[in-house]
Amino acid sequence: MSTVTFPQAGHDHASTPSHSPAVGFIAAWYEATPAAILLPPVGRFLKAWFEATPLSIALRMMSR
């Protein structure tokens, strides 16, 4: 069964889908692979590592 909708008065813009098929595929792939398990800890490690670098420390001191 299909549903038909008609535009309301004053709505001249075309409706666009919120996500493209590629975005849906990437999200499904990410959730179904070990990447969903591995990437968050790796990201936290890299963030902590960057925050400990002299460049990051100097930038934080200059922004205060």
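A short tour of the structure in this document, coming up. What you see is a predicted model; the values in this text were computed from it and never measured.

## Looking at the overall build of the protein chain
Right, on to step 1. In terms of regular secondary structure, the protein chain is built from 3 helices and 0 strands.
Right, on to step 2. Taken from the N to the C terminus, the helices and strands of the protein chain come in the order α-α-α.
Right, on to step 3. Sorting the 64 residues of the protein chain into buried and exposed places 6% on the buried side.
Right, on to step 4. Only carbon and sulfur atoms are counted for the fraction: they give 70% of the accessible area of the protein chain, which is about 6200 Å².

## Brief notes about a nonpolar patch on the surface
Right, on to step 1. Together, Val42, Phe45, Leu46, Trp49, Phe50, Leu55, Leu59 and Met62 make up a nonpolar patch on the protein surface, roughly 890 Å² of accessible area in all.
Right, on to step 2. Looking at the nonpolar patch, the elements that each hand over two or more residues are α2 (35-51) and α3 (54-63).
Right, on to step 3. With 5 residues, α2 is the largest single contributor of residues to the nonpolar patch.
Right, on to step 4. Its location among the elements puts Leu55 in helix α3.
Right, on to step 5. Among the residues examined, Leu55 registers a relative accessible area of 56% and is labelled exposed.

## Side note on the side chain of Ser56
Right, on to step 1. Here Ser56 lies in helix α3.
Right, on to step 2. With relative accessibility at 6%, the residue Ser56 sits in the buried group.
Right, on to step 3. Only 3.5 Å separates the side chain of Ser56 from the backbone oxygen of Phe50, close enough to count as a polar contact.

## Thoughts on the packing of helix α1 (residues 21-32) against α2
The axes of two packed helices give the description: the angle between them and the distance between them.
Right, on to step 1. For the pair α1 and α2, interaxial distance at closest approach is 6 Å and the crossing angle is 85°. Taken together, the axis directions place α1 and α2 in an arrangement best described as roughly perpendicular. Contacts between α1 and α2 pair Trp29, Tyr30 and Glu31 from the former with Ala35, Ala36, Leu39 and Pro40 from the latter.
Right, on to step 2. Here the residues of the contact of α1 with α2 are counted per class, giving 6 nonpolar, no polar and 1 charged.

## Thoughts on the pattern of salt bridges
When charged atoms on two side chains of opposite charge get close, those side chains can pair.
Right, on to step 1. A full pass over the atoms with the stated rule returns 1 salt bridge.
Right, on to step 2. We note a salt bridge from Lys47 to Glu51, for which the minimum N-O separation is 3.9 Å. On the criterion of helical spacing, the pair formed by Lys47 and Glu51 is a turn pair, its members being 4 residues apart in helix α2.
Right, on to step 3. The exposure class assigned to Lys47 is exposed, which follows from its relative accessible area of 54%.

What counts and what doesn't
Residues numbered from 1 in each chain as written. Predicted model: local features only at pLDDT ≥ 70, side-chain atom pairs only at ≥ 80, totals over all residues. Heavy atoms only, no water. Helix = DSSP H or I, 4+ residues; strand = E, 2+ residues; numbered from the N terminus. Buried < 20%, exposed > 50% of the residue type's maximum accessible area, 1.4 Å probe, protein only. Areas by Shrake-Rupley, 256 points an atom, 1.4 Å probe, with all protein chains shown as cover. Patch = residues over 30% accessible without salt bridge, like charges linked within 9 Å, V, L, I, M, F, W, Y side chains within 5 Å. Salt bridge = Lys/Arg side-chain N within 4 Å of Asp/Glu carboxyl O. Polar contact = N/O pair within 3.5 Å; in protein donor to acceptor, adjacent residues only side chain to side chain. Axes fitted to C-alpha atoms, helices over the stretch in contact; angles between N-to-C directions. Parallel < 35°, antiparallel > 145°, perpendicular 65-115°, else oblique. Contact = heavy atoms within 4.5 Å. Nonpolar A, V, L, I, M, F, W, Y, C, P; charged D, E, K, R; others polar.

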